[in-house]
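Architecture and fold: a report
Listed here are the chains, written in short residue letters.
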Amino acid sequence: MKLLLICPRFKYASGDVPIGLVSLATFIKSNVPDIQITLIDGAVQRDKAAVVKWLMRNRPDIVGIYADSLMYDDAMEMGRAAKQSGAHVIVGGPHATVLPDTVIYQSFIDAVCVGEGEHVLLKYIQGYSDKKGLPDIPGLWYKENGNIVKDARPGGFEDLDLHPRLDFGFLDLERYLCQCIHLDSYSPGLRLLSVMASRGCLFNCAYCQPVLNDMFGRKLRIRSAGKMLDDLIYWRDRYRINAVFFQDDTLTLFQEWMKEFCELAIERKLKMVWACNSRSDTLNFKMLDLYREAGCVKIRLGIETVSDRVRNGVYNKKLNLDVIRESIVRLKEKKIQASGYFMIGAPTESDEEIRSTIRFACESRLDEAVFTICSPLPGTHLYAQANDAGWNLSGQFGDFDYYQARTERFTPSDVATDKLNYYKKLAYCQFYCHPKRLAHTLKTVLAGNPVKTINKLRVYF
């Protein structure tokens, strides 16, 4: 049997490995050894026509496609091409989970995975190969005799230690290690791999919930510190990586895990630098020395906006600005780089609030900042709030984008689209050309990979 997995992020150049699809491929291969698995990532294979030609030439039996709302149009285009090649087509991911009706009713889609995909895809493949029809599969919607069978029960991993170590042999990993950008502000020449240790989120921020809970459930799970360290050492030796970025939403929430992981990393001489995401109120300042000794060189903080009204009232972040300020100071005291995530253009956010956020970022001690445009994605609380208030949200999923504002203003008082795009570019220019950072910016650009720099500019500008 031949299985093709597609991550249709053709619009978004990235050095991050598609962890979800690698996880699927690894799990399926460990349970169905004789299956042939191919993984195509649109961030690497940018030519959609070439993917279509591959489908027609190789004729896979099953094609699995990842779909979030930002990639919905491209995912459906790939699904249509896969069906024309004669494949069974199954779609999963955030969009398929929260809006499965928009996927399963497409004539060229055979099935939809709701939630985590490993067990669902395995049972789907087994049902296909046995030719006995599909069994009762939690998390699977599929078509049968003209009807749609829906099973929304969760079907994820209870214990992440039971998942086999990710096999990156499904990818041309060299293309990712040299293009991953998360530690460029520390050292642009690192061989950096992005990974995840946990699933689930405790918080209820309006811009991503309840999508995360729908995908992973409300139970937080994390691979044991010992297993995670075994994985890192294996990848370090196998692929010569010397840096890791943990993509987990809030790794520092697991404080006992962080302590054990850092102690083991020191004891077993991991000798890799690493970075992770955090919320300022989950940082244990007393542990920062331990983090640094274990190799932590950067922590990214979800700041979003300087406006308490927007951050807590609109985004439901429930995070005080004073705590954010202190976390930046404490990280810098311990010689750990501080990076900030910011969003501009929230519903009802004013020009002055956006300008204040840009000023705060520029004048702060942050080493790095990422500015995106607020895009209330379908299925989120923020999207529901906008709909309930009668705001003019686009009905086309292709209009949703983190990097370029494309939609109409939600209300007449909101900042116009062209101005939001201007503010984003202004924020990047003022932040990285600020006198306190200009020399470091030039040094990083000159020492870095030109292709990586061009990809970053293409995404952000």
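Notes on the structure follow. These numbers were taken from a predicted model, which means no experiment stands behind them.

Some thoughts on the packing of helix H2 (residues 48-58) against helix H3 (residues 72-84)
Here H2 crosses H3 at 25 degrees, and the two axes come no closer than 9 Å. Viewed along their axes, H2 and H3 adopt a mutual orientation that is roughly parallel. Judged by the sense of rotation from one axis to the other, the crossing of H2 with H3 is right-handed. On the side of H2, the interface is formed by Lys48, Val51, Val52, Leu55 and Met56, while H3 contributes Asp74, Glu77, Met78, Ala81, Ala82 and Gln84. Class assignment of the residues belonging to the contact of H2 with H3 gives a composition of 7 nonpolar, 1 polar and 3 charged.

What to know about the sheet that holds strand S13 (residues 296-304)
Spatially, S8-S11-S12-S13-S14-S15 is the arrangement adopted by the 6 strands of the open sheet, whose pairing is parallel. Lying at the two open borders of the sheet, with one neighbouring strand each, are strand S8 (192-195) and strand S15 (368-373). Taking each pair of neighbouring strands and ignoring which way they run, the sheet shows an average axis angle of 20 degrees. The sheet contact formed by strand S12 (residues 273-278) and S13 spans 5 bridges and is parallel. Directly across from Ala275, in S13, lies its bridge partner Lys298.

What to know about the sheet that holds strand S2 (residues 36-41)
Sheets are built from strands paired through backbone hydrogen bonds, the pairs being either parallel or antiparallel. Pairing within the open sheet is mixed, and its 7 strands lie in the order S2-S1-S3-S4-S5-S6-S7. The sheet is open, and its two edges are formed by S2 and strand S7 (147-150), each paired on a single side. Going from strand to strand, the sheet's axes swing by 20 degrees on average, the running direction of each strand aside. In this sheet, strand S6 (residues 140-144) lies alongside strand S5 (residues 111-113) in antiparallel orientation, the contact comprising 3 bridges. Bridge pairing in S6 links Val112 to Trp141. Across the sheet, H2 touches strand S1 (2-7), S2 and strand S3 (62-66), and the angle it forms with S1 is around 170 degrees.

A look at the pairing of S12
Of all 6 residues making up S12, 6 are buried, and the element is well covered by its neighbours. Covered by surrounding structure in S12 are Val273, Ala275 and Asn277 together with Trp274, Cys276 and Ser278, the residues of both alternating faces. Bridge analysis of strand S11 (residues 243-246) against S12 gives 4 bridges, and the strand direction is parallel. In the strand pairing of S12, Val244 is matched with Trp274. Chirality of the crossover, the property in question, places the unit of S11, helix H10 (residues 255-267) and S12 among those that are right-handed. Remark: the S12/helix H11 (residues 288-293)/S13 crossover connection has right-handed handedness.

Topic: the nonpolar core
Generally speaking, soluble globular proteins have nonpolar side chains that are buried together. By size, the foremost hydrophobic cluster in this structure holds 97 residues, and its most contacted members are Ile28, Phe168, Trp235, Phe246, Phe261, Trp274 and Tyr291. If we skip the residues at most four places from it in the chain, Phe261 touches Ala225, Leu229, Leu232, Phe246, Leu270 and Trp274. Counting 36 residues, the second largest nonpolar core, distinct from the first, contains Ala67, Ala81, Val112 and Trp141.

Quick notes on the pairing of S6
Summarising the sheet, S6 and S7 pair through 4 bridges and their orientation is antiparallel. Along S7, the bridge assignment pairs Tyr142 with Val149. What sits between S6 and S7 in their antiparallel hairpin is a turn of 2 residues, with Asn145 showing a positive phi close to 55 degrees.

Some details on the pattern of salt bridges
Applying the stated criterion across every chain, the model contains 27 salt bridges. Among the salt bridges present, the one from Asp237 reaches Arg236, with a minimum N-O distance of 2.9 Å. Judged by its relative accessible area of 52%, Asp237 falls in the exposed class. We note a salt bridge from Arg300 to Glu368, for which the minimum N-O separation is 3.2 Å. Taken together, the residues span a long stretch of sequence, with Arg300 in strand S13 and Glu368 in strand S15 at a distance of 68 residues. Here Arg300 matches Glu368 in class, with each residue buried.

A few points about the packing of aromatic side chains
This model, assessed by the stated rule, comprises 17 aromatic pairs. Ring centres of Tyr428 and Tyr432 lie 6.3 Å apart, and the angle between their planes is 10 degrees; this geometry places the pair in the stacked category. With Tyr428 and Tyr432 both in helix H16 (residues 417-432) and 4 residues apart, the pair spans about one turn of that helix. We classify Tyr432 as partly exposed; its relative accessible area is 22%. Ring plane angle 75 degrees and centroid distance 4.8 Å describe the contact between Phe431 and Tyr432, whose orientation is recorded as edge-to-face. Overall, the relative accessible area of 0% leaves Phe431 in the buried class. Taken together, Phe342, Phe360, Phe371, Tyr428, Phe431 and Tyr432 form an aromatic cluster joined through their ring pairs. Sitting above the plane of the Phe203 ring, Arg279 keeps its charged end 3.9 Å from the centroid. Of note, Arg437 hangs over the ring of Phe431, and the distance from its end group to the ring centre comes to 3.7 Å.

Scoring rules and cut-offs
Throughout, residues of each chain are indexed from 1 in the direction in which the sequence is written. Where local features are concerned, this predicted model is filtered to residues with pLDDT of at least 70; where side-chain atom pairs are given and counted, the filter is 80 or more; whole-chain, interface and lining totals use all residues. For side-chain calculations, the full set of non-hydrogen atoms in the structure is used, while hydrogens and water are omitted. Fitting a line to C-alpha atoms yields each axis, with helices limited to the stretch in contact; the angle taken between N-to-C directions then spans 0 to 180 degrees. The secondary structure listing takes helices from DSSP runs of H or I that are at least 4 residues long and strands from runs of E that are at least 2 residues long, numbered from the N terminus. Under this scheme an angle from 65 to 115 degrees is roughly perpendicular, one under 35 degrees roughly parallel, and one over 145 degrees roughly antiparallel; angles in between are oblique. The sense of a crossing depends on the near helix, which, turned anticlockwise from the far helix by less than a right angle, makes the crossing left-handed and, turned clockwise, makes it right-handed. We call two residues in contact when some of their heavy atoms are within 4.5 Å. Residue classes follow a fixed rule: Ala, Val, Leu, Ile, Met, Phe, Trp, Tyr, Cys and Pro count as nonpolar, while Asp, Glu, Lys and Arg count as charged, and any other residue, Gly among them, counts as polar. Pairing between two strands requires that DSSP report at least two bridges joining them. When accessible area is computed with a 1.4 Å probe and restricted to protein chains, residues below 20% of their type maximum are described as buried, those above 50% as exposed, and intermediate ones as partly exposed. Whether a crossover is right-handed depends on one test, that the path from the first strand over the helix to the second runs clockwise when the strands point away from the viewer. Among buried residues, those of type Ala, Val, Leu, Ile, Met, Phe, Trp, Tyr and Cys that are joined through side-chain atoms within 4.5 Å constitute a nonpolar core. We define a salt bridge as a contact between a side-chain nitrogen of Lys or Arg and a carboxyl oxygen of Asp or Glu at a distance within 4 Å. Geometry of aromatic contacts follows a simple scheme: Phe, Tyr and Trp rings, the Trp one being its six-membered ring, pair when their centres are within 6.5 Å, and the pair is stacked under 30 degrees between planes, edge-to-face over 60, tilted otherwise. Any Lys NZ or Arg CZ found within 6 Å of a ring centre and within 35 degrees of that ring's normal is scored as a charge over the ring.

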